[in-house]
Amino acid sequence: MKYDVIGIGLGPTNLGLAALLEEVSSTKALFFEEKESFVWHPGLLLEETTLQVPFMADLATMANPKSEFTFLNYLHETGKLYLFFSYNEFTIPRTEYNHYLNWVANKLTTLQFNSRVVNVQLEETGYKVSVLDKKTGKEKQYFSKHVVLGTGQRPSIPVPVKELWGNRVFPALQYTFKKEEIVKLDHITIVGSGQSAAEIFLDLLEEQKYHNYELEWLTRSPALRELETTKFRLEMFTPSYVDYFQNLSFEKREKGLSYFYQLRNGINPETLDAIYKKLYHRSVNFTDLRASIRLHSELESIEDGFIVNAKHLEEEKEFQLKTDAVILATGVKANIPDWFYQNFSPLINWENEQHFKLNHDFSLSFTHDHPHHFFVLTDLDYSHGTASTNLKLSVFRNQLIINTLLEKDVFKIEEKTAFQLFSSHSIR
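Just so we're clear, the structure is a prediction, and the values are computed from it rather than from any experiment.

**Some thoughts on the pairing of strand E4 (residues 115-123)**
Part 1 of the argument: Bridging between E4 and strand E5 (residues 126-133) involves eight bridges; their strand directions are antiparallel. Along E5, the bridge assignment pairs Val117 with Val131.
Part 2 of the argument: Once E4 ends, the chain turns through two residues before running back antiparallel as E5.

Pasting the structure below:
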């Protein structure tokens, strides 16, 4: 059977694409996901944590506020609209966002789980997609005019980690699955500088009411950086800025990424306040806080016996810590399958040796023109800017993709999405 578009991987963006396609066209689409069911960062669904973006950054609102798949309609159908109104917050609990995504996934008929895409090849009439059924172990071929790669990201592990350490040294994305065991230990170390590291530190501070471990947080940052949320800085998360950034030279785009560090890696002020208050109240009655935060500290290696070797970046001095568990909240990197590089590297244009070139609509730039698009929804920093991977712009990416797929402006992109003028061509 031949499809108009096949999606590979199911994160929020591809899920949103499936939802919008179901409402706007008769496009024959199919989305494959190797997991058993839809799940979004289950290892980080901590109690009372919230998204860092407003609820309007759902799967549909910014394209079609009347859509069946908006977050507000989810609240309406699940009987929580008045409760959310009284909640009176613009951001939503992360666990509730996961419930919302599952609600959408359960409404769609174009999703196929337990299905791992093991190969994609470009042919004259489109793409041959080979899929392994994880239940039966059998492989099947599908054919599609277009493909959307949405395999997301995987943990970035900065030092070698032995497989046998799996229950003691692990990425932050596995935290809730490992928590029950590690809180029984004597010493826990967190490594990282962003929101996940802060949330896990806060959660383990709270858990110390019931357990007697020591807690250590190592961060390379010279200070715990607050997420910058001034309104003009938030305009970096708009189509206007993405358009501007994408038209810069690769060298200027590469250099410009450093400007976004505060926007992408900052910590919610509420989280930092909660940590400080908890430490302060603890200091009133106890001289031993059983918790510490080490700034300027870079992880260099982990040895047997869970010896952490680190370096103080400003003093340029090395030091060691003896611990019992290490949680690596050290970020993520693009999760691109091996078959992508093997099959498509010779067929596409490259910005440099590491980064492939993408068109404005997030499709690969092929060396030869053909009508079969291959869209990529990960590793976009160097092409569309750090902001382009933000949930706020997930719908914008899907609007462009659908307009290209259907060869017409199904969705009109708003022309003025920022008060600031980023380009010299943006003249009133």
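There's more to say after this.
**Observations regarding the domain arrangement of the protein chain**
Part 1 of the argument: Taken domain by domain, the protein chain consists of domain 1 (2-152 + 335-406) and domain 2 (156-227 + 266-329).
Part 2 of the argument: The centre of domain 1, based on its C-alpha atoms, is set 32 Å off from the matching centre of domain 2.
Part 3 of the argument: The partner domain 2 presents 14 residues to the ten residues of domain 1 that form the contact.
Part 4 of the argument: Carbon and sulfur atoms supply 59% of the area that domain 1 and domain 2 bury against each other, a total of about 900 Å² over both sides.

**What to know about the environment of Glu68**
Part 1 of the argument: Here Glu68 shows up in the loop between strand E2 (29-32) and helix H2 (71-77).
Part 2 of the argument: The class of Glu68 is partly exposed, set by a relative accessible area of 34%.
Part 3 of the argument: In sequence terms Glu68 and Glu180 are 112 residues apart; their C-alpha atoms lie 39 Å from each other.
Part 4 of the argument: Glu68 has contacts with Glu23, Asn73, Trp103 and Lys107, leaving out every residue within four places of it along the chain.
Part 5 of the argument: Side chain to side chain, Glu68 and Lys107 meet in a polar contact 3.0 Å long.

**Looking at the side chain of Ser365**
Part 1 of the argument: For Ser365, the location among the structural elements is in the loop between helix H12 (338-344) and strand E17 (374-376).
Part 2 of the argument: Owing to a relative accessible area of 9%, Ser365 belongs among the buried residues under this scheme.
Part 3 of the argument: Those residues in contact with Ser365 that lie beyond four places of it in its chain are Ile348, Asn349, Lys357, Leu358 and Asn359.

**Here we look at a negative patch on the surface**
Part 1 of the argument: Together, Glu89, Glu226, Glu270 and Asp273 line one region of the surface with negative charge.
Part 2 of the argument: Inspection of the secondary structure assignment puts Glu270 in helix H11 (residues 269-285).

**Notes on the nonpolar core**
Part 1 of the argument: The biggest cluster of nonpolar side chains holds 42 residues, and the ones touching the most others in it are Leu15, Tyr100 and Val104.
Part 2 of the argument: Contributing elements (two or more residues each) for this core: helix H1 (12-24), E2, H2, helix H4 (94-107) and helix H14 (394-405).
Part 3 of the argument: Leave out the neighbours within four places in its chain, and Val104 touches Leu15, Ala19, Leu59 and Phe69.
Part 4 of the argument: Listed in part, the 32 residues of the second largest apolar core include Ile6, Phe340, Ile348 and Leu358.

**As for the packing of aromatic side chains**
Part 1 of the argument: Applying the stated criterion across every chain, the model contains 30 aromatic pairs.
Part 2 of the argument: Through successive ring pairs, a cluster of aromatic residues spans Trp40, Phe55, Phe71, Tyr74, Phe84, Tyr87, Phe90, Tyr97, Tyr100 and Trp103.
Part 3 of the argument: Between Lys178 and the ring centre of Phe170, over which it is positioned, the NZ or CZ distance is 6.0 Å.

**A closer look at unusual backbone geometry**
Part 1 of the argument: We note that Asn114 has phi near 55°; this positive angle belongs to a residue other than glycine.
Part 2 of the argument: Positive phi outside glycine occurs at Phe306, with the angle close to 60°.
Part 3 of the argument: Structurally, Phe306 can be placed in the loop between strand E12 (297-303) and strand E13 (307-312).
Part 4 of the argument: Note on Phe306: relative accessible area 14%, which makes it buried.

**Brief notes about the side chain of Thr61**
Part 1 of the argument: Here Thr61 shows up in the loop between E2 and H2.
Part 2 of the argument: A polar side-chain atom of Thr61 sits 2.6 Å from a polar atom in the side chain of Asp58.
Part 3 of the argument: For Thr61, the contacting residues outside a window of four places in its chain are Met56 and Thr70.

**Quick notes on the packing of H1 against H14**
Between two packed helices, what matters for the description is the angle formed by their axes and the separation of those axes.
Part 1 of the argument: Contact geometry for H1 and H14: axes closest at 9 Å, N-to-C directions at 50°. When the axes of H1 and H14 are compared, the pair comes out oblique. Considering how the two elements wind past one another, H1 and H14 form a crossing that is right-handed. Only Ser394, Val395, Arg397, Asn398, Ile401 and Ile402 of H14 make contact with H1, whose side of the interface consists of Pro12, Thr13, Gly16, Leu17, Leu20, Leu21 and Val24.
Part 2 of the argument: Residues of the contact of H1 with H14, tallied by class, amount to eight nonpolar, four polar and one charged.

Scoring rules and cut-offs
Residues numbered from 1 in each chain as written. Predicted model: local features only at pLDDT ≥ 70, side-chain atom pairs only at ≥ 80, totals over all residues. Heavy atoms only, no water. Pairing = 2+ DSSP bridges. Helix = DSSP H or I, 4+ residues; strand = E, 2+ residues; numbered from the N terminus. Domains from an automatic or database assignment. Contact = heavy atoms within 4.5 Å. Buried area = accessible area lost by both parts, 1.4 Å probe. Buried < 20%, exposed > 50% of the residue type's maximum accessible area, 1.4 Å probe, protein only. Polar contact = N/O pair within 3.5 Å; in protein donor to acceptor, adjacent residues only side chain to side chain. Patch = residues over 30% accessible without salt bridge, like charges linked within 9 Å, V, L, I, M, F, W, Y side chains within 5 Å. Areas by Shrake-Rupley, 256 points an atom, 1.4 Å probe, with all protein chains shown as cover. Salt bridge = Lys/Arg side-chain N within 4 Å of Asp/Glu carboxyl O. Lys, Arg positive; Asp, Glu negative; His and termini not counted. Charge placed at Lys NZ, Arg CZ, Asp CG, Glu CD. Core = buried A, V, L, I, M, F, W, Y, C linked by side-chain atoms within 4.5 Å. Phe/Tyr/Trp six-rings, centres within 6.5 Å; stacked < 30°, edge-to-face > 60°. Lys NZ or Arg CZ within 6 Å of the ring centre and 35° of its normal. Axes fitted to C-alpha atoms, helices over the stretch in contact; angles between N-to-C directions. Parallel < 35°, antiparallel > 145°, perpendicular 65-115°, else oblique. Left-handed = near helix turned anticlockwise from the far one by under 90°. Nonpolar A, V, L, I, M, F, W, Y, C, P; charged D, E, K, R; others polar.

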